[in-house]
Amino acid sequence: MSSLNTLPNVDTQTASAAKTTLLSIRNVAKTFGPNVVLRDISLEIAQGEFLTILGESGSGKTTLLRIIAGFETATSGDLWMSNERLDQQPPYRRKVNTVFQSYALFPHLTVEENVAYGLRVANRPDSEIKQRVQEALDKVKMSAHAKKKPSKISGGQQQRVALARALVNRPQLLLLDEPLSALDANLRRQMQVELKSLQREVGITFVFVTHDQEEAMVMSDRIALLRRGELEQVATPREIYNRPATAYVAQFIGHTNLLRGEVREGVAQCGPISWKTTLPDGPALFSLRPEHLRVSSGMPGAARVKAKVLTQAFHGATDLVRVECADGLVLTLRTPSGGIKEENVGVEFEPADAIPVLESQERS
Amino acid sequence: MFSRAYRTMVTVPPLAWVAVFLLVPYALMFCYSFWSVSAAQTIVHSWNFANYQELLEKQVYWQTLLRSMWIAARVMLFSLLLGYPLAYFLSFYAGKRKDVLYQMVIIPLWVSYLVRAYAWKTILGSDGVLNTLLQYLHLTKHPLEFLLYSPFAVVLTLTHIYTPFTILPIYASLEHIPRNLVEASHDLGASPAQTFWKVIFPLSIPGVVAGATFAFVLSLGDFLAPLLLGGPGGIMISNIVVSLFGAAYNWPLGAAISLGMLVIVVSLLFISERLEKKWSHS
């Protein structure tokens, strides 16, 4: 979409230019009857990259993954892997393996047989199968459960087996469809770290699908944010957080304050707040992170406004404070734990922290 | 949750039904099988094993039992060979036509057994549809005699009648296979054929066992198909039981055979249940 062209993604371009492209998604669209699920998706995934496709439910992220795996056919567009056409191959010929959301372990086979499956159907010699299965199970710390049926092990263990079953085939590309969503919060955080270090260790390209923005931030080299079937922004986690391209991205990733106003003769005016800017004249929308707002300290050059404290919420190391300015503009600021004692305060921010973003278009 | 009176009201009638029409007749049969018939054709209520001894000694009973099992085994085999592909197609490839095709499997079950058996008689008879057609096409000069009044006719008819009974449980077990297992198999590099033999078929075995049991047990006890279409060579064990209870008026011997059959069938059901459990993974 247009936002990708108008805003420079410097980090992204240098990052992917340095490495060779493994998977190239070109103008892929998918419709189910009258429903447009994906429209005009183009994305280059670099060799060895950990790319996360992030989006709400219904954004089309799983469909995109299934198109890469070969379980769905794109309505238009094509896929290239290592400069070969991928989308015309059946799933069983693709050098792509998937870790399914519900793991999809074969219930009639033991853990060991599940992991050996891909090598068996490829007719690898028995000695090689035995060795590689052993290695894969060791890597995910499941050797002790090799002879058990999937129904006899826990969800977290099934997840590891599913991972071993995919990795043992040494795919060029591993697809992960919300593999952590069934795990409880603690195990989930632990697996995020393990998965990331495993990916570095084996050097396989990961395409990870999730709806959890925190998970995406922690694990990914780059995030591709999907919204209603279109890519909203593709960038590194830091860039997507610090320089969101659109209002939707700014709101989806972390908390933000959206300031709507206009620029006239080098001054941005949003409600009662104004600051100097180099942006051209016209209507403007800014994203201002709560941590960039603070109680006035009289710093020269800061944009400032008087406000009344509405609510304060304790968030551990920090508090989130909602304040109301003149004309009813409500801002959220992150303060050190302890919050604000006064009822009426001045709040301020550095003009450079107000990031201009594009309006997110309404789509059906 | 429910009152005692309500529970009694709901449970007693079916239990009474089972007791009066199932348990009591079985008990009576059990008793009869140890009694005998006098020369004057009256039942002698003296307890002995003479009937069972006769069963073990006379070859005709053994041969008929073996023939019945052989016919039942063939019916089972052909029903599975016909039923499995159809169930597989229904479950995996029928798409929107699934419901209609499923109904078409069920509908023949609404037609009376007798009508279907007679239909085969008209088809297979020496002036029947098939022979007329074969002669009209000059493929044969005379009617083929083996078509009717033979074990062939019995196997054909029973296969036709019992195939839906194999399709339904196989279809049910195929429907229970999570489709993501099929995707996972393809994803791991297995071709459609490998996926069938390594994932789909093993997971459908409980349905195959259930269907095989239906076809075998129902055919083993059948007496109408052999009576109408079997001829002398197609006599099955139930025909002997029928004649012993009827024309021959030897209820005790008939009861002994029936009990023997009951033991065989119950053992089969027991084994089949074990097999189904062994192969189910839910």
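Model, not experiment: these values are computed from the prediction.

How each quantity is defined
- Residues numbered from 1 in each chain as written.
- Chains lettered and ligands numbered in written order.
- Predicted model: local features only at pLDDT ≥ 70, side-chain atom pairs only at ≥ 80, totals over all residues.
- Helix = DSSP H or I, 4+ residues; strand = E, 2+ residues; numbered from the N terminus.
- Buried ≥ 20, exposed ≤ 12 C-beta atoms within 10 Å, placed from the backbone.
- Contact = placed C-beta atoms within 7 Å.
- Axes fitted to C-alpha atoms, helices over the stretch in contact; angles between N-to-C directions.
- Parallel < 35°, antiparallel > 145°, perpendicular 65-115°, else oblique.
- Nonpolar A, V, L, I, M, F, W, Y, C, P; charged D, E, K, R; others polar.
- Pairing = 2+ DSSP bridges.
- Expected span 1.5 Å × (residues − 1).
- Bend = angle between axes of the 7 residues up to and from the residue.
- Core = buried A, V, L, I, M, F, W, Y, C linked by C-beta atoms within 7 Å.
- Domains from an automatic or database assignment.
- Left-handed = near helix turned anticlockwise from the far one by under 90°.
- pLDDT = per-residue confidence, 0-100.

Undergrad: Is there a simple way to explain the overall build of chain B in this structure?
TA: Of the regular secondary structure elements, chain B holds 12 helices and two strands. Secondary structure elements in chain B, listed N-terminal to C-terminal, are α-β-β-α-α-α-α-α-α-α-α-α-α-α. Seen through its principal axes, chain B has C-alpha atoms that stretch 75 × 75 × 35 Å. Looking at chain B residue by residue over its 282 residues, the buried ones come to 33%. Considering only contacts in chain B between residues 6 or more positions apart, those separated by 24 or more positions represent 72%.

Undergrad: Where do I start with the packing of helix H9 (residues 192–220) of chain B against helix H12 (residues 251–279) of chain B in this structure?
TA: Two packed helices can be described by the angle between their axes and the distance between those axes. Residue and element names in this part refer to chain B. Between H9 and H12, whose axes approach to 8 Å, the crossing angle comes to 170°. If you check the angle between H9 and H12, you find them roughly antiparallel. Residue-level inspection shows Ile 205, Pro 206, Val 209, Ala 210, Thr 213, Phe 216, Val 217 and Leu 220 of H9 in contact with H12, the latter providing Val 265, Leu 268, Leu 269, Ser 272, Leu 275, Glu 276 and Trp 279. Residues of the contact of H9 with H12, tallied by class, amount to 12 nonpolar, two polar and one charged.

Undergrad: Please clarify how the sheet that holds strand S2 (residues 35–46) of chain A should be interpreted in this entry.
TA: Backbone-to-backbone hydrogen bonds pair the strands of a sheet. The strands run either parallel or antiparallel. Residue and element names in this part refer to chain A. Strand order in this open sheet of four strands is S2-S1-S4-S5, and the pairing throughout is antiparallel. Whereas interior strands pair on both sides, the edge strands pair on one side only; in this sheet they are S2 and strand S5 (84–85). Bridge analysis of strand S1 (residues 21–32) against S2 gives eight bridges, and the strand direction is antiparallel. The partner of Val 28 across the bridge, within S2, is Ile 41. Those strands touched by helix H3 (residues 61–69) are S1, S2 and strand S4 (76–81), and its axis lies near 60° from that of S2.

Undergrad: I tried to follow the pairing of strand S11 (residues 257–264) of chain A on my own but got confused; where do I start?
TA: Successive side chains on a regular strand alternate, one facing one side of the sheet and the next facing the other. All names here are of chain A. Here seven bridges tie S11 to strand S14 (residues 282–288), and the two strands are oriented antiparallel to one another. Residue pairing across strands places Glu 262 opposite Pro 283, the latter belonging to S14. Here S11 runs beside strand S12 (residues 267–270); their pairing, made up of three bridges, is antiparallel. Each residue of the ladder has a partner; that of Glu 262, found in S12, is Gln 269. In textbook terms, the turn of a hairpin is the stretch between consecutive antiparallel strands, and for S11 and S12 this stretch comprises two residues, one of which, Glu 265, has a positive phi near 50°.

Undergrad: Help me out: how do you make sense of the environment of Leu 285 of chain A in this one?
TA: All names here are of chain A. Assignment of secondary structure puts Leu 285 in strand S14. Leu 285 sits in the buried class, given 20 other C-beta atoms within 10 Å. With 126 residues separating them along the chain, Leu 285 and Gln 159 place their C-alpha atoms 43 Å apart. Residues within four places of Leu 285 in sequence aside, it is in contact with Ala 247, Leu 258, Arg 260, Pro 356, Val 357 and Glu 359.

Undergrad: Just to check I follow, could you spell out helix H1 (residues 4–32) of chain B for this structure?
TA: Count 3.6 residues to each turn of an α-helix, and residues three or four apart come out pointing the same way. Helix length check: H1 of chain B (29 residues) gives 39 Å between terminal C-alpha atoms against 42 Å at 1.5 Å per residue, within 8%. A maximum bend of about 35° is found in H1 of chain B at Ala 19 of chain B.

Undergrad: Would you mind showing me how to read the sheet that holds strand S16 (residues 303–315) of chain A here?
TA: Residue and element names in this part refer to chain A. Taken in spatial order, the five strands line up as S15-S19-S16-S17-S18 in an open sheet, and their pairing is antiparallel. Edge strands, defined here as strands with exactly one partner in the open sheet, are strand S15 (294–295) and strand S18 (330–336). Two strands pair when backbone bridges link them, and S16 and strand S19 (residues 344–349) are joined in this way by six bridges, in the antiparallel orientation. Looking at S19, one finds that Lys 306 is bridged to Gly 346.

Undergrad: What exactly am I supposed to notice about the nonpolar core here?
TA: One broad rule of soluble globular proteins: the nonpolar side chains tend to lie buried together. Of all hydrophobic cores here, the largest spans 104 residues; its most connected members are Ala 164, Val 207 and Ala 224 of chain A. For this core, the leading source of residues is helix H6 (residues 155–167) of chain A, giving six residues. Apart from the residues lying within four places of it in its own chain, the contact partners of Ala 164 of chain A are Val 115, Ala 136, Leu 137, Lys 139, Val 140 and Met 142 of chain A. One finds Trp 120, Ala 225, Ile 237 and Ala 255 of chain B within the second-largest nonpolar core, a separate group that totals 49 residues.

Undergrad: Explain the domain arrangement of chain A here, please?
TA: It is common to give the size of an interface as the accessible area lost on bringing the parts into contact. By domain assignment, chain A separates into domain 1 (2–250) and domain 2 (259–356). A straight line from the C-alpha centre of domain 1 of chain A to that of domain 2 of chain A covers 39 Å.

Undergrad: So what exactly am I meant to see when it comes to the pairing of strand S13 (residues 273–276) of chain A here?
TA: All names here are of chain A. Bridging between S12 and S13 involves four bridges; their strand directions are antiparallel. Residue pairing for S13: Val 267 is matched across the bridge by Lys 276. Counted along the chain from S12 to the antiparallel partner S13, the turn is two residues long, and its residue Gly 271 has a positive phi close to 60°.

Undergrad: Can you walk me through the interface of chain B and chain A in this structure?
TA: Listed by partner, the interface residues are 16 residues for chain B and 18 residues for chain A. Elements with a minimum of two residues in the side of chain B that touches chain A: helix H8 (179–187) and H9 of chain B. Top element by residues in the side of chain B that touches chain A is H8 of chain B. It accounts for six residues.

Undergrad: What should I look at first to understand the environment of Thr 110 of chain A in this one?
TA: Residues and elements named next belong to chain A. One can find Thr 110 in the loop between strand S6 (96–99) and helix H4 (111–121). For Thr 110, a count of 18 C-beta atoms within 10 Å puts it in the partly exposed group. Taking the C-alpha atoms as reference points, Thr 110 and His 145, separated by 35 residues in sequence, lie 8.9 Å from one another. If near-sequence neighbours (up to four positions away) are discounted, Thr 110 is found in contact with Ala 146, Lys 147, Lys 148 and Lys 149.

Undergrad: For this particular structure, what's the right way to read H12 of chain B?
TA: Residues and elements named next belong to chain B. Along its 29 residues, H12 runs 42 Å from first to last C-alpha, staying within 8% of the 42 Å computed at 1.5 Å per residue. Within the sequence span of H12, burial applies to Trp 251, Pro 252, Leu 253, Gly 254, Ala 255, Ala 256, Ile 257 and Ser 258. Buried positions along H12 lie against H1, strand S1 (36–37), strand S2 (43–44), helix H2 (50–57), helix H3 (59–92) and helix H11 (237–245).

Undergrad: Help me understand the environment of Pro 171 of chain A in this model?
TA: When you line up the elements, Pro 171 of chain A lands in the loop between H6 and strand S7 (173–177). Non-local contacts of Pro 171 of chain A, meaning those with residues more than four positions away in its chain, are made with Lys 95, Val 96, Asn 97, Ala 166 and Ile 204 of chain A.

Undergrad: When you look at the packing of helix H7 (residues 151–175) of chain B against H9 of chain B in this model, what are you seeing that I'm missing?
TA: Residues and elements named next belong to chain B. Put simply, H7 and H9 touch, their axes get as near as 7 Å, and they point 160° apart. In terms of orientation, H7 and H9 fall into the roughly antiparallel class. As for how H7 packs across H9, the hand of that crossing is right-handed. Judged by residue contacts, Leu 158, Tyr 162, Phe 165, Thr 166, Pro 169, Ile 170, Ala 172, Ser 173 and Leu 174 of H7 engage Ser 204, Pro 206, Gly 207, Val 208, Ala 210, Gly 211, Ala 212, Phe 214, Ala 215, Leu 218 and Ser 219 from H9. The residue inventory of the contact of H7 with H9, partitioned by class, reads 14 nonpolar, six polar and no charged.

Undergrad: Hey, could you run me through the confidence of the model for chain B in this one?
TA: Low-pLDDT portions of the prediction should not be read for the details of their coordinates. A residue-level look at chain B finds 99% of positions with pLDDT of 70 or above and a mean pLDDT of 91. Interface confidence for the predicted complex, given as ipTM, is 0.84, next to a pTM of 0.84.

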